[in-house]
Amino acid sequence: MTQNKSTAGISIKNLGLSFGTTEVLKGVNLEIEPGEFFSFLGPSGSGKSTLLRAISGFGPDPTGSIKIGGEEVTGLPAWQRNVGMVFQSYALWPHMTIRKNVAFGLEERKVSSTEIDGRVDDALDLVGLKHLADRTPGQLSGGQQQRIALARTIVVEPRVLLLDEPLSNLDANLRVQMRRDILALQRELGLTTIFVTHDQEEANTISDRMAVLDKGIIQQIGTPVELYDQPQNRFVASFLGTANIIEGSITEGHFVAEKDFKIPVKTDLTGNIYLVIRPQSVTISETEVTENNRSYSLKGNIEYSEFLGETVRYSVLSNGHSILADESHLRGNKIVANGQDVWVEIEKDQILLLDR
Amino acid sequence: MTVKASSGFLSRSNFGPKALAILIALFLIMFLAVPVAKVFIVAFQDPSTGSFTLINFVDFFKTSLFRESFWNSFYVSSVSVVVASIIALPLAYFTSRFNFGGTVIIQTLGIVPLIMPPFVGAVAMQLLFGSNGSVNLLLDEHLGFTIPFMEGLNGVIFVQSIHYFPFILINLSAALANIDRSMEESALSLGSNGMRLFRRIVFPLSMPGYVAGASIVFIKVFDDLGTPLLLNVNNMLAPQAYLRISSVGISDPMGYVISVILVIFSLFAMWVAFLALRGKDYATTQKGGGGLMKRDMKPAEKFIAYAIVLFILAVVLSPHLALGLLSFGTIWSYSVLPDAYTLEHYAEVFSSAGDFIKNTLLYAGMAATIDVVIGTAIAYIVWRTKIKGRKILDYLAMSALAVPGVVLGIGYLRTFYQFDVPFKDIPLANYWLIIVIALAIRRLPYAMRACVAALQQVSVSLEEASESLGARKMTTVKRIVIPLMTGGILAGFVTSFATAAVELSATIMLVSSEADAPIAYGIYVFMQSAAGRGPGAALGILAVVIVALGTYVSNRIIQKANQKNAMSPDQH
Amino acid sequence: MAFQNKEVIKKLTTVVIGSTALMLSLSVNAADGQLTIVTSFPSDLTKVFKKAFEKDNPGIKLEILKKKTTAGVKYIQETSAKNRTDLFWASAPDAFEVLKDDSLLQKYESSVKGLPDKVGAFPVNDPDGYYKGFAAAGYGIMWNERYIKAKKLPAPAQWADLTKAVYHNHVGMSAPSRSGTTHLTVETLLQGKGWDEGWKMQKEIAGNFKTVTERSFGVPDGVNSGNFGIGIVIDFFGLSSKGSGFPVDFVYPTATTLVPANIAIVANAPNKENAGKFIDYLLEPNGQELLLDPKIRRLPVNPATYAKAPEGFPNPFKDSSIGAAVKFDLTKSKNRYNLVNSLFDVMITYRLDDLRKATKAIQDAEAALAKKPNDDAAKLIAEARALIAKLPIDEAKSLDKEFAGIFKKKRKKATDKVTGRQAEVEQEWDKFVVENYAKAKELAEKAQSML
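Note that this is a predicted model, so its numbers are computed, not measured.

1. Observations concerning the overall build of chain C
The number of helices and strands found in chain C is 18 helices and 14 strands. Here chain C holds 451 residues, and 47% of them are scored as buried. Put simply, 78% of the contacts in chain C that link residues at least 6 apart link residues at least 24 apart.

2. Side note on the sheet that holds strand β6 (residues 83-86) of chain A
Sheet strands pair via backbone hydrogen bonds, and the direction of the pair is either parallel or antiparallel. Residues and elements named next belong to chain A. Across the sheet, six strands lie side by side as β6-β7-β8-β3-β9-β10; this open sheet has mixed pairing. The sheet is open, and its two edges are formed by β6 and β10 (217-222), each paired on a single side. Across the sheet, the axes of successive neighbouring strands diverge by a mean angle of 20°, strand direction being ignored. Summarising the sheet, strand β7 (residues 160-164) and strand β8 (residues 192-197) pair through five bridges and their orientation is parallel. Pairing of V160 across the sheet is with T192, part of β8. Against the sheet, helix α1 (residues 48-56) contacts β3 (37-41), β6, β7, β8 and β9 (209-214), and its axis sits at roughly 145° relative to β7.

3. Looking at the domain arrangement of chain C
Residues and elements named next belong to chain C. On domain assignment, one finds that chain C holds domain 1 (33-138 + 260-308) and domain 2 (146-257 + 330-450). One C-alpha centre belongs to domain 1, the other to domain 2, and the line joining them spans 32 Å. Listed per partner, the contact involves 17 residues of domain 1 and 17 residues of domain 2. If you tally residues by element for the side of domain 1 that touches domain 2, the top one is helix α4 (residues 93-101), at four residues. Looking at the side of domain 1 that touches domain 2 residue by residue, the class counts come to eight nonpolar, four polar and five charged.

4. Brief notes about the packing of helix α9 (residues 194-223) of chain B against helix α12 (residues 253-277) of chain B
Residues and elements named next belong to chain B. Look at α9 against α12: their axes get within 8 Å of each other, and the N-to-C directions meet at 170°. Judged by the angle between their axes, α9 and α12 are roughly antiparallel. Contact with α9, carried on its side by P208, V211, A212, S215, I216, F218, I219, F222 and D223, involves L262, F265, S266, A269, V272, A273, A276 and L277 of α12 and no other residues of that element. Classifying every residue of the contact of α9 with α12 by side-chain character gives 14 nonpolar, two polar and one charged.

5. Points about the nonpolar core
Counting residues in hydrophobic clusters, the biggest one holds 253 residues, and the most contacted among them are C451 and A543 of chain B. Sort the elements by how many residues they give to this core and helix α19 (residues 433-456) of chain B lands first, with 16 residues. Setting aside anything within four residues of it in sequence, one finds C451 of chain B in contact with V372, G375, T376, A379, M485, G488, I489 and G492 of chain B. With 118 residues, the next largest nonpolar core counts F96, A136, L162 and L299 of chain C among its residues.

6. Focus: the arrangement of the chains
Contacts are most numerous between chains B and C, considering all two pairs of chains that are in contact. When C-alpha atoms are compared, chain A and chain C, though not in contact, are closest at a spacing of 39 Å.

7. With respect to the packing of helix α18 (residues 405-416) of chain B against α19 of chain B
Residue and element names in this part refer to chain B. Contact geometry of α18 with α19 gives a least axis separation of 11 Å together with a crossing angle of 140°. Judged on the interaxial angle alone, α19 and α18 are oblique. In terms of crossing hand, the pair formed by α18 and α19 is right-handed. Facing α18, whose interface residues are G405, L408, G409, Y412 and F416, α19 presents I434, A438, I441 and R442. A class-by-class count of the residues in the contact of α18 with α19 yields six nonpolar, two polar and one charged.

Conventions adopted
Residues numbered from 1 in each chain as written. Chains lettered and ligands numbered in written order. Predicted model: local features only at pLDDT ≥ 70, side-chain atom pairs only at ≥ 80, totals over all residues. Helix = DSSP H or I, 4+ residues; strand = E, 2+ residues; numbered from the N terminus. Buried ≥ 20, exposed ≤ 12 C-beta atoms within 10 Å, placed from the backbone. Contact = placed C-beta atoms within 7 Å. Pairing = 2+ DSSP bridges. Axes fitted to C-alpha atoms, helices over the stretch in contact; angles between N-to-C directions. Domains from an automatic or database assignment. Nonpolar A, V, L, I, M, F, W, Y, C, P; charged D, E, K, R; others polar. Parallel < 35°, antiparallel > 145°, perpendicular 65-115°, else oblique. Core = buried A, V, L, I, M, F, W, Y, C linked by C-beta atoms within 7 Å. Left-handed = near helix turned anticlockwise from the far one by under 90°.

Below, the structure written as structure tokens:
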């Protein structure tokens, strides 16, 4: 298959959508570049699937604008939008062979049958399943069905590719392999792709950029690293990875929280804020540590520990706050016992302060 | 304390169920397998020499009357399926494609026809739709033409279609509702819509459900004796079998030949339905469900939809209406409505037809009881024990579906004429108990399926918990399993009862005196005399009330049982 | 909840077992006197007699087994080894002849004396004493008054009237093979007008048929409900329909016959004495009066009963025109019984459509001819009529015992591998008739095109 010449960018402006009287999407603004691998990430009920479906033309009519390749598509029925959609359940038609399934879109576009055969073969080759062309979906495994669903969509050379949680029905090992394959395919075709998932690891590993959604509102857009390192609100901070979040306020150059928790900080923010520090930036030590250039130290006490294989996660109670600290685990390392008094070191330049 | 489940044939832990299984098997063999086998044997036997021959079948196909009957039965069944589909299709379309306010009406439409057996309304339909019936009189007067609704075979087709279309409607609706929505959406996103989408995706996916419903309708119309008999259409297979046996005699081979043909066709239709669903059971390969996308109707569409639905409702209710008019009417002759109205017919029914009613309640009650007892026993044996060959019991009981009532009747006459009932000087074939048995055998498949469904709602772990606390099998069954199945069993009982109460095909073959006759036969007899139309119709209304009550009660019981069982955790 | 359900099941079981036991016990207590009657009469009639007889004879209980005449005969034949039937009670005397020949009846001398020997031209009782006549019936024409008024048809009076074009597609009749009474109607026509003339008229009437009904009751039923306007029926169908309030009327044509309805005691009857009592009851004045009931309306054999009859009720003893014209030969009828059935069915019942179309063509041509006389056309029409009337066999053949013997209703392989098995002969006739009807239609259409 040739590089996709006609891949398009997506521009969403001020999109809102309601089911009856319930508002499910609010004020969505989004620009996706042509050829970008873009993810929608969020918990269930966040509206990510709804947004995807709105782009493909399913569900209630939204307010606002959706442009694909500069063309306004709100108001167009799904079959006129030329977007490729892969469904969570793959939706292969059980009464047709694989070949017929994949050929479907081409037949609808009145492509000549010789050309259809060629293109179907190419698509099946691309996903490595040409030898299954004459089987029926019921005879294929989940992973194989997924790839056929992909093949069926890309064979019609859509402008954009939309994937609605395509990996959630596969088991763990297969998921990892599949997401790499999907990424490879996308790179080869250069097709603008939106990938919906609730799994951070998936989103992190394959997205160029992603949007985090919660309760129908886009929380933040950026690259995986940007979102992780510079979350702009509490939700994003706590959703991506694990974070220690302490509520407090700025008073006289210090971050002050209840129970005498006090750290000097340098910031322009005032009033109520969150202090965010990731567990991997917190170290514990059984011997006393004092403040230095790199980190602040606090005294605390081990509440419990969780052995996670690669790390041991400690929960330390310090000044009335439970702080999580991750220590890398190597063979032979001892786990600090519960109740042990320890010193907690917090890396200064890893502290993030967010407006509350 | 636990006894190891031994695999010995008559091991103690197995003895109860084993003995039960054998008893049931004997019952089914004696009252189902043997009579049907007898019918087959006679059909293939030379009447004078007794040797095996195909000459009876040759004679059958050489006689133009029988060829005609064969073709007519086939024709009537096929066209009935077509007409029933035409009625069901728009209704299924409205409910599955749109948010249609009239869905409740359509659901009612799905039940109303089934509460009145077609033969009951057949005569009344003549008065409404006959060539000089109400509708045609009005048409002729105002528009100058008539429509031959009830001429010859048309009458049978018309009555059967409006009675049986619910089977297609229900199956088709269920099939459409089972379609995973993403099936349709993926096609839409690939550029398909409208008719093309329907033809390539929706239609093939709903086909199995449709075929299942259509083959049920085909076989029920093919086998039905009552309707053609009451419409005086005799050149069809089932009435011919009845006429040959009743007027020419039990020894006439033609009646048996026809019986064999009826059974073969029944089996064929069942096989087609089986094939359609097997391997193409698309419900299991589709993960979602959710049915097709529904949209709202525009006002013009709403108007058309309601018009169609109400029109169909009127047609479907017409037998009930006509029957009601006939039961209250004095004289109804060459006029749109009866001349005047009276309660006389009901008075006569209640005074002189007490026997019919009493017999019906007795027969149907006994038959339904037999059905649920045997049904529960078979359900338990097949699904909860490991007795060898238990599946055969299931198949044997289900095979009753392939035996038309008229064939069962003929088989009984032939098999049991030699036996005398103990203590009485009557051949078993003439004793009223045989009618009860025939009704029970015919309804057993449905009752058994209800019992099986009820049993499957009871998780095995509930039984295991009882046994781990020290209760023996018998006690467990009595105290745990059966009480939890009660809803389903009762529903099965009521359904069996309601349908047995109005069965005619086997009854008419086996009734030997009016004192032993149930309501269905009573209606038939009344309709044979000029002055009997009114009381016959009144009796028909009574029968409808019994069935309607039965259906309603059954549905309520199922609902309540479902509510109760919804509390129990994992359903296996 | 489970407790309640158990209760329900318990109650249900008790009810069912209890009522079963009750039923069984009730049926074991048979009445002291029993009487089993196999009859072809409808319940309208049997109910009336049963009620009255049981009232008069409280110790005796009647068990009525209703079967069609042919079915009844078969039943008695098949159960003769273990006979449980006391009486056979039906219309057609030929059924009784069949049983008499099979020695399945026994003689009975009734205590009721003084009844006439003949009604109309027909003997009331079996001269050999095996069966008795208790009522008489004739054949005629009934019509629906609303129907003929609406369609502007004249009320018919004679068989010949029914051949007129105005009645096309308005007439209904059953077939002799399906109804013993209809068979007698046809046989009466054949004996009254002669074989050739009789069939000719029968076919001309049949050309006006709307339908050939499946059973004799289908005719009065059709007329009563207005399905077709005119029916050829046995008199009590017409009279009882009228008596029940339907807007219908009935008339006897001159060429009709009165045939008795009979009753006989079956050989080896278990309750011979009670059987005799019943026969006597039928013949006594009280029993005879029951025949006047509006739902029954059959002609009593006791002349005195007619004094109590309603206005306009036919009286064959006073009115000698009824049923006297034709002297019915029972033997002739018996010998060619099945043959006549087959001939009617092949020529009329199975080919009704062809016959109707040919007849319509002729009627249309004749209507045109009346307006524009034309000799050639007239000749063609006459030819066409002759073709329809043509018969595959003549009367002599019909009375040929060997030929008539071919026609068995049932197929018995053991007998007669003689030339002309029934199916073959019927096939021949069918071909004959189809050709002729088609040709007749052709000729009539040709004649019409000339006018």
